[in-house]
Amino acid sequence: MLPLFKGTAGRPGRVGVALVCLLPLLPMPAHAKTAGLTAVEIYPAQNGQAYEQITGFMLNGKNEVYLCGSVSSFDKAAYHRLGKVTLAEGMTLERDSKGVLMLVQGAGPSLNANQGPACVVPGNLKLEKDALSAAQLADMAQIEGSVLPASDPAATQIAPLKPGVALVFVAGPDQELAEYLRADRQSDIAGWQAYLAKDAAGAHSGSARKSLAALFVGVASGDRQAYENSKGAAQPDYAKLKDAQQMVDQARALVPDDAAAADLNLKLHAEVVTLSRRSQEKLELYQQALKQQTPGYPNLVAAEQLADAAFSVEPATAEAAAAESQSKAARAAFDGVLRDAESQIVAHHADEAAQKIAPLRVFAPEDIRVSNDLEAIAGLYVADAKVHEEQPDWPGAVTDLEKASAIVSNPETTALLKAARQEAKKAADTSAAAAAIKTSQDAQTRGDIIAAYEVVDNLPPDQRALAGDQLASLKDQYLQAAEEAATVLQKAHEPINGLSDEVGIETAYGYLQRCYGIANDPTLQDRIAILGEDLSTYYLQQGKKYAEKPDGTGVNVGWTYLSEALQYKSQDNLGPIHDEMTTARAAHLLKSRLSVKVVFRDQTSRRDAVDFAAQLTDALATGLESPGLDVKVIRPQDATPVQPNFQLVGDVVQHEMGKSQDNVPKQSMYRFGQEEVPNEAWNELNREYERANNELESARSVLEGAQAHGKKNEIKDAQKMVDDDEKKVEDLHAKLDTIPKNKMQDVERPYNYTQITYHLRIGMELQFRILDSAGDQVAPRVDVRRDTPRQYTVLQDVKPDDTQGVRNEGVIPNENDFLEQDEYKARDELIEKAKATVAELPGVVLARADRRAADSDNDGAAELYILYLNSTPVSDTPDRLRVRKFLSDQFNFRNIGKEAPSE
C-alpha cells in the first residue's frame, strides 16, 4: 500500500483528521513550471525506518513523472506519448516491492492510504531504441536536492530510490512531521514510542497515541487469546494474562476513552475477579480439610497459584488483594508449623515435634515436607526406644515404639513394637508375681493364711503360673482356714438383715466357692447353695422394694439388686427375679440413662410460628439422637411409664419479617430501528482488490519489458510474478463477491427504566431451659437470636431491545425462602447449643448426687450416682472411682461401673 498525505481543507500547514477523496491522476499541461519541492524520504534502515528531509527536490532535473497508463513496455516513442503529472505537495511517491514507481495524489500525513496508487515512470529520461519496463525506468531515477536534519545525523547524502523507499512531498521542512511519517511507515510499537518520546506534544501526537494504543490493544487481544487457549492445560499461561493487562493499561494511558481498550479491560478485570473467587474457594476447601483433618493440601497450592495470577494482573483490585493476602497467610501458617516442628526435630524433642506437626499430619501423602518430617519424628522415637531397651526399660520402649508407629507405620516398627510388648509383658508378669509372693509371705508370717493364699490366687493366669510354688505350699492350710471362717460368718449373719449381714454372707459364699474350686469337694455344694439362696432372696426383696418407689425414683438401685440376685440363684429357679425385672424394665430403660423430653412452644402472635415450634421440636429431638450423645429422647406425643430424667422446654419468642423498598430511576439505550451504512469490511477489501490490480499491471509491464529484451530468466521470473498477482486478484474478487457493499446499522435512542431494591429484616429469637423430672431448672437458660438484613434488586420497564446489556432480570424471589433459610440457621444453632448443654448433664447429675449424699440421702444419691456411671464412658477417672467407692461402701455394689451397662 502506498503512503498518503492527509490534510484538512481550509487549514493550510496544520494536520487534520478528515480524509479527502483521491484526486484523479490527470496529465498536467506541458507548459507547467517545474519548481523545487520539499520532500521527506523514508527508507528501510538497519533498525527500522529512517528518514531524510530534502529541499530543492528535483527528479531527473524536473519535478514531473509520466503515467504508465495501460502501457507495460516503453520504447522511446511510447515513453514520449505518456501523460505527465507534476509532483506537488500532498503527493507520495514510492517504489514497490517489484521496483515500480507508484504515485498517490491526495492530502494528509499518513503512509497508510485509503486510495489506490497509480504506476508512473520518471520524467526527463533519454531513452535509446530498446524497450524498457517500468521498473527499469524507475532504476534511472535521479534525485537532486539538499539534505536537512535527518533521523541519522551522519546521513548527508540522499538515500537511493530503491524498492521500499517512499517520498512524501510536504509544504516545507518539518522535523516533527518527518518523525511522525517515519513512525507511521514503521507502524510498530517501537516506532510510535520513539516518535512520542521526542514529540509528546507534537501536532500529530494525538493520532500517534491512537495508533500506538491500537497496537497495544492488538497485542493485548492476542495475549488474552493465548491465555484462553491455555486454560485447558495443566497450568494455564497466567503470564499472558498479565501481559495483556499491561498492554491495555498502556493503551488506556495513551487514549483514556479508547472503546476497544475499555472493553478488553473489563474482560480482563472479570477474569481477575473469577480467579480471585476461585482462589478463595480453593482456600476454603483447604481450610475445611485442615479443620476436619481430611486430605486437601493441593487446594492450598491451587489457591496460591490463582491468587498470585490475579494479583499480578490487577494488584489494586480488592478481590485479588484479598485472595493474595489470605493465601499468603495460609501459606505462612503452614510453613510456620513445619519450621516449629523441624526446630524440635533438630533438638531431638520427639514429643514436642509430634505435637507441633499434628495439624498437618493428614497432608503427609500430599506434601513431601510433611512426610519427611514425620519420618524424622518416627526415627527419633525408634532411637529413644532402643535406649530404653538397653537399660532395660521395656515399658518405656513400648511407649516410644507406639508413638513411632502412630506417626509412621511400617513393617520394621511393627516388628520392633511386637517384640517390645512381649518383653514388657514378661517383665511386668515377673514383677507382679514377685510382689504378690512377697505380700503372701508377709501375710503367712502374720498367720493370715486366707489373705496369703488369695493374694496369689487372684493373679492373672500368666502371673499366677509364676507363683505356683507359693500356692501349692498354702493350699491345705487355706482349705481348712477358709471353711472354718465361712462357718463362723454364716452363724454370725444369718438371717440377712442389713448391709453388714449381706457382706458377711457374701464373704462366706466366696470362701466356699474358692475351696470348691481347689478341692472339688461335693460336700461343699450344699453349703454354697444355701448361702446363694440367702443372698438371692435378700437381693430380690431389696430390688422389689426400690423398683416400686414412686415414679421410678429407685429403679436404678432396684435393678442393680435384681441383677445381683441373678448371680446367686440356680438356673432352674430364676422365674421370680425375671418377673420383677420385666415389671421394672420400662422404667429402668428410661431412668438408667439420660432421658430428655423435648417440647417447643410458640410465644408469638404469628400463626405460622406454631408450625415453626413443632418443626423445632422434631428437629431438636432428631439432633439430640445423633451419634456422640447417649440420650433417650422423648417427643411430646410419646407415652412413658415414668417421667424422664429431664425436660428440654423451648420457646419461640420472636419470629417475624419486615419489608421496605427503594425505587431508583435509571437511563439506558435501546434499538430504535436500523439504517443502511457503507460496509467498511467491503471498502477495505475493495481497496486491497484495487491495489492488487495495480500490482498486476506493474507485473505485466515488467513481463513485457523482459520479453522485449528476450532474456529467458527475466521472462520466467516476470511470468511467475504475473501468475501470482493474477491468482491474488481472482481470490480477492471472489471474496469481495461474498461481502455486501452496505450493511444495516442499529439506531439507538435513550429511555428510562426503574431499579427496585427490596430490603428485608428477619428477626428471630429462640430460647430453651433444662428441667428435672420435678420441674426444677438445672441449667442456665440458653438463647438463640438472629436479626438478619437481606436485600434483592429487580429491574422494571427494561426494553427488550436494550443495547447496553440491561435486562429485565432479578425475578422477585419467594421471600419465604429467605425466612426458611434463617429458620434453618437458627435451628442448626439451637441444635448445637442444645447438644452442648445436654452433654454437660452428667456433671449436673453428679453434683446433685453429691448434694444428696451430703444430706445423708443415700438412696437418692445412689440413684443419681448410677445414672452418672451409665451416662459417662467406662474409665477410672477420679469422679467415677469416688462414685463406685460410695456404692460399694453403702450398698455393696462392688462391680458396678466396671463395664458398660446392659439392658
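Refer to the structure presented above.
Residues numbered from 1 in each chain as written. Predicted model: local features only at pLDDT ≥ 70, side-chain atom pairs only at ≥ 80, totals over all residues. Heavy atoms only, no water.

A short note on the sheet that holds strand β6 (residues 91–95)
Item 1. On the basis of which strands lie adjacent, the open sheet formed by nine strands has the order β5-β3-β8-β7-β6-β11-β1-β2-β10 and antiparallel pairing. Single-partner strands in this sheet number two, and they are β5 (84–86) and β10 (143–148). The sheet shows a mean angle of 35° between the axes of neighbouring strands, direction not considered.
Item 2. The pairing of β6 with strand β7 (residues 101–105) spans five bridges and is classified as antiparallel. Its bridge partner lying in β7, M91 is registered against Q105.
Item 3. In this fold helix α3 (residues 175–186) packs onto β1 (37–45), β2 (48–59), β6 and β11 (166–170), with an angle of close to 130° to the strand it touches most, β2. (Pairing = 2+ DSSP bridges. Helix = DSSP H or I, 4+ residues; strand = E, 2+ residues; numbered from the N terminus. Axes fitted to C-alpha atoms, helices over the stretch in contact; angles between N-to-C directions. Contact = heavy atoms within 4.5 Å.)

Overview of the pairing of strand β14 (residues 646–678)
Item 1. Across seven bridges, strand β12 (residues 594–602) lies against β14 in parallel orientation. Counterpart to D602 in the pairing with β14 is V652.
Item 2. As judged from the 31 bridges shared by β14 and strand β15 (residues 742–772), these two strands associate in the antiparallel manner. Within the sheet, the bridge partner assigned to M657 lies in β15 and is I762.

A short note on the packing of helix α11 (residues 368–390) against helix α12 (residues 394–407)
Item 1. Following both chains from N to C, one finds α11 and α12 inclined at 165°, their axes separated by 8 Å at the closest point. Between α11 and α12, the angle falls in the class roughly antiparallel. For the element pair α11 and α12, the recorded crossing hand is left-handed. Counted together, L374, I377, A378, Y381, V382, D384, A385, H388 and E389 of α11 and W394, G396, A397, D400, L401, K403, A404 and I407 of α12 form the full contact between these two elements.
Item 2. In terms of residue class, the contact of α11 with α12 is built from eleven nonpolar, two polar and four charged. (Parallel < 35°, antiparallel > 145°, perpendicular 65-115°, else oblique. Left-handed = near helix turned anticlockwise from the far one by under 90°. Nonpolar A, V, L, I, M, F, W, Y, C, P; charged D, E, K, R; others polar.)

What about the sheet that holds strand β16 (residues 777–796)?
Item 1. The strand order β13-β12-β14-β15-β16 describes an open sheet built from five strands, whose pairing is mixed. Edge positions in the sheet fall to β13 (631–634) and β16, since each has one partner strand and no second. The mean angle between the axes of side-by-side strands here comes to 25°, regardless of whether they run parallel or antiparallel.
Item 2. Strand direction decides the pairing type here: β15 and β16, joined by 17 bridges, are antiparallel. Bridged to H759 within β16 is Q791.

Comments concerning the nonpolar core
Item 1. Core analysis: the largest hydrophobic core is formed by 102 residues, its most contacted members being L648, L766, L841, L887 and F891.
Item 2. Listed in part, the 38 residues of the second largest apolar core include A341, F363, A385 and L401. (Core = buried A, V, L, I, M, F, W, Y, C linked by side-chain atoms within 4.5 Å. Buried < 20%, exposed > 50% of the residue type's maximum accessible area, 1.4 Å probe, protein only.)

Regarding helix α20 (residues 575–591)
Item 1. For α20, with 17 residues, the first-to-last C-alpha span of 24 Å sits near the 24 Å given by 1.5 Å per residue.
Item 2. If you look at α20, its biggest bend is around 50°, right at R585.
Item 3. Along α20, the residues that are buried comprise I577, E580, M581, A584, A587, H588, L590 and K591. (Expected span 1.5 Å × (residues − 1). Bend = angle between axes of the 7 residues up to and from the residue.)

As for the pattern of salt bridges
Item 1. In total, this model carries 51 salt bridges according to the counting rule given.
Item 2. Between R95 and D139 there is a salt bridge, and its shortest N-O distance comes to 2.8 Å. Taken together, the positions of R95 in strand β6 and D139 in the loop between α2 (134–138) and β10 put the pair 44 residues apart, joining distant regions of the chain.
Item 3. The buried category is assigned to R95, whose relative accessible area is 5%.
Item 4. Between R593 and D630 there is a salt bridge, and its shortest N-O distance comes to 2.8 Å. Of this pair, R593 sits in the loop between α20 and β12 while D630 sits in the loop between α21 (608–624) and β13, and the two are 37 residues apart along the sequence. (Salt bridge = Lys/Arg side-chain N within 4 Å of Asp/Glu carboxyl O.)

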